[in-house]
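Per-entry structural report
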Amino acid sequence: MAYQTINPFNNKLIKEYPTHNSQHIEQALETAHQLYKSDWAQGDIKPRLQVLRKLSEIMSSRVEELAEIVSVEMGKLIEQSRSEVKLCAEIAKYYADNAEAFLKPVPYPSKLGEAWVENSPIGVIMAVEPWNFPFYQLMRVLAPNLAAGNSVITKHASIVPHCAETFEKLVSDAGAPKGAYTNLFISTEQVANIIADDRIQGVALTGSEKAGAIVASQAANKLKKSTLELGGNDIFAVLDDADIDRAAKIGAMARINNAGQVCTAAKRFIIHEKVADEFLKKLTAHFKALKMGDPLDKQTTLGPLSSAEAQKTLGKQVENAVKKGAKLHLGGKAVSNNPGNFFEPTILTHITRDNPAYFEEFFGPVAQIYVVKDDQELVKLANDSHYGLGGALFTKDMQRARKLATQIETGMVYVNSLTNTAPELPFGGVKRSGFGRELSDLGIKEFVNQKLVVLAASS
Ligand code: NAP
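The structure contained in this document is the topic of the report that follows. (Residues numbered from 1 in each chain as written. Predicted model: local features only at pLDDT ≥ 70, side-chain atom pairs only at ≥ 80, totals over all residues. Heavy atoms only, no water.)

Here the focus is the packing of aromatic side chains. Under the defined criterion, the tally for this structure stands at 15 aromatic pairs. Look at Tyr 95 and Phe 102: their rings are 6.5 Å apart centre to centre, the planes differ by 75°, and that puts the pair in the edge-to-face class. Here Phe 167 and Tyr 181 contribute two aromatic rings whose centre-to-centre distance is 5.2 Å and whose plane-to-plane angle is 75°, an arrangement assigned as edge-to-face. Here the residue Phe 167 occupies a position in helix α7 (residues 161-173), and Tyr 181 occupies one in strand β7 (residues 181-183), the gap between them amounting to 14 residues. (Phe/Tyr/Trp six-rings, centres within 6.5 Å; stacked < 30°, edge-to-face > 60°. Helix = DSSP H or I, 4+ residues; strand = E, 2+ residues; numbered from the N terminus.)

Right, dumping it as structure tokens:
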């Protein structure tokens, strides 16, 4: 796979990046491994936290420039790119402020002696990351692992090499020693070889179900721990007592953010029958009001998809859904006569369980509408999914919301908000959405040795 920056707004090739050879990979692995063995990783945490603090400051001071790199490379609206860069700065600061407390030894009162659990680093982590949040995905892995003392080697998505290279430079500019974070432009075969190497102790992948299954099995084959942050088919449920204006406005945002290319985007709208017509009318109005254009133009509210390939895949999915009986309420096609990868805001209704669309993740501005008669039917439909990442519920009745939130089989449920993310909140899913958590205190514990030490009496 060639590493290329192609602007999705006009499909112009901006730059091609040479790939790394096996000698370069060997050097990267050895440098990362030696760093893990050194005082940097095994000693005082404070110098590592200082790097995170500096990284946060650098990103905060360069929001505009970094945001533009994201928007030009993968088509995200400039304001959303700015938010992504700011969120990265917050994550780095969050771990700089909290990692020491998260990793401090925990006493375990025991009759066998004085006992505690230490959180030690485990070595070099191989990270495989996607393009849809090209800085945030890298920061979710880098910040907790750098704090813990693990070295990180990354294979980023081949369509965002500029972001990949820039992030590596940011970490280095923040004062991280060589080997703390290394970006590699490599093939999937080379990733498999790295995972098999004894110096790799953990594997973190964010991406599709297909890539997750391959990479996790490569890790399992060598008895290495992995975390998987995979796709989702999140619900956006609107109950009969909800504020429909608000739900429709946030629902449109939850589906359209990042041109619909978000793992936790609202993909299945499940609407109570009493408010279904009103909700659909209002959601449709929001979709119709979207303005496609250059992601760098602040008037634009819907940018292009990340690649021509993504546009083609989505078009085929919608076409197939309609062939199998779904009704096209709005949109449905790639925008023709445009050099960019634009896709019409689309709404599908009447999707039955035997339609492949019922179980598929649509990675673009395509909303599926389902109508239910009560909460029981809502839960049944919500849980009838291979995925289990996030989900949102809109209601004024908090008792009802708590009960439903408990019944929904996902890693995250938000009430009266779209599914969101923050450094202090655990992020991750169940079922085919993956396993393990990133961010928060849970994320930093994924790749540490929770080592028990027991001091028994000496005589
Ligand atoms: P993808 O095709 O799986 O790519 C993700 C990364 O995996 C890329 O770096 C890709 O490299 C690499 N890759 C693909 N096949 C591989 C293999 N056999 N061995 C090693 N690496 C491999 O996913 P995508 O289409 O870019 O991203 C969208 C998916 O990610 C969606 O399903 C979305 O829901 C999910 N996602 C999940 C989360 C979460 O936190 N749960 C967050 C964001 C996105 P190349 O680019 O070179 O192919």
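Across all of its chains, the model carries four cavities of 30 Å³ or more by this definition. Taken as a whole, the largest cavity spans an internal volume of roughly 70 Å³. Every residue lining the largest cavity is listed: Arg 140, Val 141, Pro 144, Asn 145, Ala 204, Thr 227, Arg 437, Glu 438, Gly 443, Glu 446 and Phe 447. Sorting elements by how many residues they give to the lining of the largest cavity places helix α6 (residues 136-148) first, with four residues. A breakdown of the residues in the lining of the largest cavity according to their chemical character gives four nonpolar, three polar and four charged. (1 Å grid on protein atoms, 1.4 Å probe; cavity = no way out; pocket = protein on both sides within 12 Å on 5 of 7 lines; lining within 4 Å. Points joined across faces, edges and corners; volume = space filled by probe spheres on them. Nonpolar A, V, L, I, M, F, W, Y, C, P; charged D, E, K, R; others polar.)

Turning next to the layout of surface pockets. Of the voids in this model, the largest pocket is the one considered here, and its volume is about 1,600 Å³. The wall of the largest pocket is formed by 49 residues, among which Pro 130, Trp 131, Gly 207, Ser 208 and Ala 211 lie closest to the centre. For the lining of the largest pocket, the elements supplying multiple residues, two or more each, are β1 (3-7), α8 (188-196), β8 (200-206), α9 (209-221) and α12 (308-323). Looking at the lining of the largest pocket residue by residue, the classes come out as 23 nonpolar, 17 polar and nine charged. Mapped onto the domain boundaries, the lining of the largest pocket takes at least three residues apiece from domain 1 (3-230 + 433-456) and domain 2 (235-415). Put simply, the second largest pocket is a space of about 480 Å³. Phe 133, Asn 257, Val 262, Asn 420 and Thr 421 are the residues nearest the centre of the second largest pocket, which is lined by 23 residues in total. Mapped onto the lining of the second largest pocket, the elements with two or more residues apiece are α5 (78-103) and α6. The element that contributes the greatest number of residues to the lining of the second largest pocket is α5, accounting for five residues. (Domains from an automatic or database assignment.)

Looking at the ligand, there are 28 residues lining it, with Trp 131, Arg 140, Ser 208, Leu 230 and Glu 361 nearest. Interatomic distance of 3.3 Å between a backbone N/O atom of Ala 157 and an oxygen atom of the ligand. In this structure, an oxygen atom belonging to the ligand sits 2.7 Å away from a side-chain N or O atom of Glu 361. Starting from 910 Å² of accessible surface for the ligand in isolation, the protein chains cover 86%. Put simply, the ligand lies in the largest pocket. Broken down by secondary-structure element, the contributors of at least two residues to the shell around the ligand are α6 and α9. Ranked by residue count, the leading element in the shell around the ligand is α9, at three residues. (Near = heavy atom within 4 Å. Polar contact = N/O pair within 3.5 Å; in protein donor to acceptor, adjacent residues only side chain to side chain. Areas by Shrake-Rupley, 256 points an atom, 1.4 Å probe, with all protein chains shown as cover. Sits in = over half its atoms within 2 Å of the grid points.)

Two pairing modes exist for strands in a sheet, parallel and antiparallel, and in both the strands are linked by backbone hydrogen bonds. Here we have three strands laid out as an open sheet, ordered β3-β4-β20, and antiparallel in their pairing. Of all strands in the sheet, those bounded by a partner on one side alone are β3 (106-107) and β20 (448-455). As defined by bridge partners, strand β4 (residues 114-121) adjoins β20 across eight bridges and the pair is classed as antiparallel. Within β20, the position partnered with Ser 120 by the bridge is Asn 449. (Pairing = 2+ DSSP bridges.)

Applying the stated criterion across every chain, the model contains zero disulfides. Of all cysteine sulfurs in the structure, the one in Cys 163 sits closest to Cys 88, which takes part in no disulfide; the separation is 9.8 Å. When its relative accessible area of 0% is taken as the criterion, Cys 88 is described as buried. (Disulfide = S-S within 2.5 Å. Buried < 20%, exposed > 50% of the residue type's maximum accessible area, 1.4 Å probe, protein only.)

In this section: the packing of helix α13 (residues 375-383) against helix α14 (residues 398-407). Running from N to C, α13 and α14 cross one another at 30°; their axes reach a closest spacing of 10 Å. Judged by the angle between their axes, α13 and α14 are roughly parallel. Handedness of the crossing formed by α13 with α14: right-handed. Side by side, α13 and α14 meet where Asp 375, Val 379 and Asn 383 of the first sit next to Arg 400, Leu 404 and Gln 407 of the second. (Axes fitted to C-alpha atoms, helices over the stretch in contact; angles between N-to-C directions. Parallel < 35°, antiparallel > 145°, perpendicular 65-115°, else oblique. Left-handed = near helix turned anticlockwise from the far one by under 90°. Contact = heavy atoms within 4.5 Å.)

Taken as a whole, this structure holds 26 salt bridges when the rule is applied. For Arg 199, the salt bridge is made with Glu 26, and the minimal N-O distance between the two is 2.7 Å. With Arg 199 in the loop between α8 and β8 and Glu 26 in helix α1 (residues 22-37), this residue pair connects regions lying 173 residues apart in the sequence. With a relative accessible area of 37%, Glu 26 lands in the partly exposed category. Between Asp 97 and Arg 53 there is a salt bridge, with its nearest N and O atoms 2.7 Å apart. Residue Asp 97 is located in helix α5, and its partner Arg 53 is located in helix α3 (residues 46-61); the two are separated by 44 residues in the primary sequence. Classification of Asp 97 as partly exposed rests on a relative accessible area of 40%. Taking relative accessible area as the criterion, Arg 53 reaches 28% and is therefore assigned partly exposed. (Salt bridge = Lys/Arg side-chain N within 4 Å of Asp/Glu carboxyl O.)

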